[in-house]
Amino acid sequence: MISLLLGIGTHAAALLLYPGLATMVAFGLVVELVCMRASASQWHWPELPRRRPSPVVGIVALCSVVAAVQTAAPLNPVPGDERSIVLAAVGLAFTAWAELALTVEFVAEPGLLLLVQACWLLAVLGPAVQTESLRPQVLGNVLVPSLLPVKIACAFLYLLCLPALLRVWPFAPPGERRGKRRLDAGRILTWFPYCGLFTTLFITPPTDDLLGLVRFFGFDVLVAAIVIGAGYLLRRRGAAIARGIYVRGVAPFAGLVVAVVIATSVLMR
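Residues numbered from 1 in each chain as written. Predicted model: local features only at pLDDT ≥ 70, side-chain atom pairs only at ≥ 80, totals over all residues. Heavy atoms only, no water.

Caption draft 1: Quick look at the packing of aromatic side chains. Tallied over the full model, the rule gives 15 aromatic pairs. Centroid distance Phe27 to Phe192: 5.7 Å. Interplanar angle 70 degrees. Geometry classified as edge-to-face. Pair noted here: Phe27 is in helix 2 (residues 21-38) and Phe192 is in helix 8 (residues 185-202), with a separation of 165 residues, a long-range link. The class for Phe27 is buried, based on a relative accessible area of 9%. (Phe/Tyr/Trp six-rings, centres within 6.5 Å; stacked < 30°, edge-to-face > 60°. Helix = DSSP H or I, 4+ residues; strand = E, 2+ residues; numbered from the N terminus. Buried < 20%, exposed > 50% of the residue type's maximum accessible area, 1.4 Å probe, protein only.)

Caption draft 2: Spotlight on the layout of surface pockets. Approximately 160 Å³ is the volume found for the second largest pocket. In terms of lining residues, the second largest pocket is bounded by Phe156, Leu159, Leu160, Pro163, Ile226, Val227, Ala230, Leu234, Ile245, Tyr246 and Val250. When contributions to the lining of the second largest pocket are tallied by element, the ones reaching two or more residues are helix 7 (148-165), helix 9 (210-237) and helix 10 (239-268). (1 Å grid on protein atoms, 1.4 Å probe; cavity = no way out; pocket = protein on both sides within 12 Å on 5 of 7 lines; lining within 4 Å. Points joined across faces, edges and corners; volume = space filled by probe spheres on them.)

Caption draft 3: A look at helix 4 (residues 85-102). The terminal C-alpha atoms of helix 4 lie 26 Å apart, and with 18 residues this matches the ideal 26 Å at 1.5 Å per residue to within 8%. For helix 4, the full list of buried residues reads Ile85, Ala88, Ala89, Gly91, Leu92, Ala93, Thr95, Ala96, Ala98, Glu99 and Leu100. (Expected span 1.5 Å × (residues − 1).)

Caption draft 4: The environment of Arg182, seen in detail. By the secondary structure assignment, Arg182 is in the loop between helix 7 and helix 8. Along the primary structure Arg182 and Met36 are separated by 146 residues, whereas in three dimensions their C-alpha atoms are 9.6 Å apart.

Caption draft 5: Quick peek at the packing of helix 3 (residues 55-68) against helix 8. In the contact formed by helix 3 and helix 8, the axes pass within 9 Å of each other and the chain directions differ by 5 degrees. In terms of their interaxial angle, helix 3 and helix 8 are classed as roughly parallel. Where helix 3 abuts helix 8, its residues Val57, Val60, Ala61, Ser64, Ala67 and Ala68 lie against Ala185, Gly186, Leu189, Thr190, Phe192 and Pro193. (Axes fitted to C-alpha atoms, helices over the stretch in contact; angles between N-to-C directions. Parallel < 35°, antiparallel > 145°, perpendicular 65-115°, else oblique. Contact = heavy atoms within 4.5 Å.)

Caption draft 6: Quick peek at the nonpolar core. Among the nonpolar cores identified, the biggest contains 64 residues, and Trp120, Leu157, Tyr158, Trp191 and Leu197 are the most heavily contacted of them. Mapped by element, the contributors of at least two residues to this core are helix 2, helix 3, helix 4, helix 5 (110-131), helix 7, helix 8, helix 9 and helix 10. It is helix 7 that provides the largest number of residues to this core, a total of 10 residues. Discounting residues that sit within four places of it in the chain, Trp120 has contacts with Ala89, Leu92, Ala93, Tyr158, Cys161, Leu165, Tyr194 and Leu197. (Core = buried A, V, L, I, M, F, W, Y, C linked by side-chain atoms within 4.5 Å.)

Caption draft 7: Expanded view of unusual backbone geometry. Cis geometry is adopted by the peptide bond preceding Pro19, which originates at Tyr18 and carries an omega value of 0 degrees. Position of Pro19 among the secondary structure elements: in the loop between helix 1 (2-16) and helix 2. In this model, Leu75 sits at a positive phi of 65 degrees, which is unusual for a non-glycine residue. Residue placement: Leu75 occurs in the loop between helix 3 and helix 4. Its relative accessible area of 48% is what places Leu75 among the partly exposed residues. The backbone of Arg167 sits at a positive phi, close to 55 degrees, despite the residue not being glycine. If you trace the backbone, Arg167 turns up in the loop between helix 7 and helix 8. On the accessibility criterion, Arg167 (26% relative accessible area) is partly exposed.

Caption draft 8: Quick peek at the state of the cysteines. Applying the stated rule across the entire model yields 0 disulfides. Of all cysteine sulfurs, the one in Cys119 lies closest to Cys161, which takes part in no disulfide; the gap is 5.2 Å. (Disulfide = S-S within 2.5 Å.)

Caption draft 9: The arrangement of the side chain of Ser84 in detail. By the secondary structure assignment, Ser84 is in the loop between helix 3 and helix 4. For Ser84, a relative accessible area of 15% puts it in the buried group. Aside from chain neighbours lying at most four places away, what touches Ser84 is Gln70, Leu134 and Pro136.

Caption draft 10: Spotlight on helix 3. Taking 1.5 Å per residue, 14 residues should reach 20 Å; helix 3 reaches 20 Å between its end C-alpha atoms and fits that length. All buried positions along helix 3 are accounted for by Val56, Val60, Ala61, Cys63, Ser64, Val65, Ala67 and Ala68.

Caption draft 11: Fine view of a nonpolar patch on the surface. Taken together, the side chains of Val86, Val90, Phe94, Trp97, Leu114, Leu125 and Leu134 present a nonpolar region at the surface, about 560 Å² in accessible area. The element that contributes the greatest number of residues to the nonpolar patch is helix 4, accounting for 4 residues. Within the secondary structure, Leu134 is located in the loop between helix 5 and helix 6 (136-140). (Patch = residues over 30% accessible without salt bridge, like charges linked within 9 Å, V, L, I, M, F, W, Y side chains within 5 Å. Areas by Shrake-Rupley, 256 points an atom, 1.4 Å probe, with all protein chains shown as cover. Salt bridge = Lys/Arg side-chain N within 4 Å of Asp/Glu carboxyl O.)

Just geometry here; none of it tells us what the structure is for.
Quick look at the structure:
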């Protein structure tokens with residue numbers, strides 16, 4: 001009974017505090033303010049949402065928490081053998097599916113978003129094909145030279161997909177009204193899971209100490225900065241260029257990643 005209660009308490013702390021809800025909100029709020037400042041010619045503090053959280057925000061929060069606790073964050077209370085890359089991928093995928101299912105009229109380029117998400121899922125699951133492991137920290141620790149091409153290709157594809165998945169690309173929802181911008185609660189909740197999952201999958205896992213904590217969040221901030229910079233460049237180039245990049249660039253590159261994964265699997269046998 002004591003072990004059961006300790007396990008429940010440990011998982012509750014992971015889900016609600018670290019690396020769960022509280023960490024997601026704190027990290028996402030800071031990154032979101034920086035993103036809004038980088039995309040605005042004149043800075044004004046954004047308005048807070050005036051309504052209660054919608055069902056979509058609740059679903060995004062729940063799915064993002066599930067994904068966040070799967071990351072190899074230092075001092076993560078969830079044991080490593082209980083984490084799964086499938087849970088992280090499905091959880092983050094559901095954040096976009098919930099918006100498409102419940103508020104599709106307010107989603108910019110829903111068809112293109114689904115295409116990008118399929119490419120992102122390939123980037124997440126690609127490294128697991130040859131290693132035959134679903135534990136995120138194991139995938140991040142793979143340094144076998146023959147598997148590095150797959151890891152590098154998947155990491156690049158992951159980064160290409162993030163501006164679309166985090167909605168910093170130059171497409172506005174059809175129902176959006178121009179005015180004073182408000183904080184995007186859904187995006188705030190997903191900054192940390194997306195960035196933390198990238199650090200988990202493609203960077204050697206940090207140690208469970210203060211230095212490892214600084215290293216992990218340092219890479220998360222770096223990934224967020226790359227996404228913000230890519231979004232800024234896409235907005236400068238315009239919607240037509242961005243659409244061409246994702247249709248004629250990202251999708252064919254995803255096909256190349258599939259070829260690399262298959263070739264590596266054949267050569268490793």
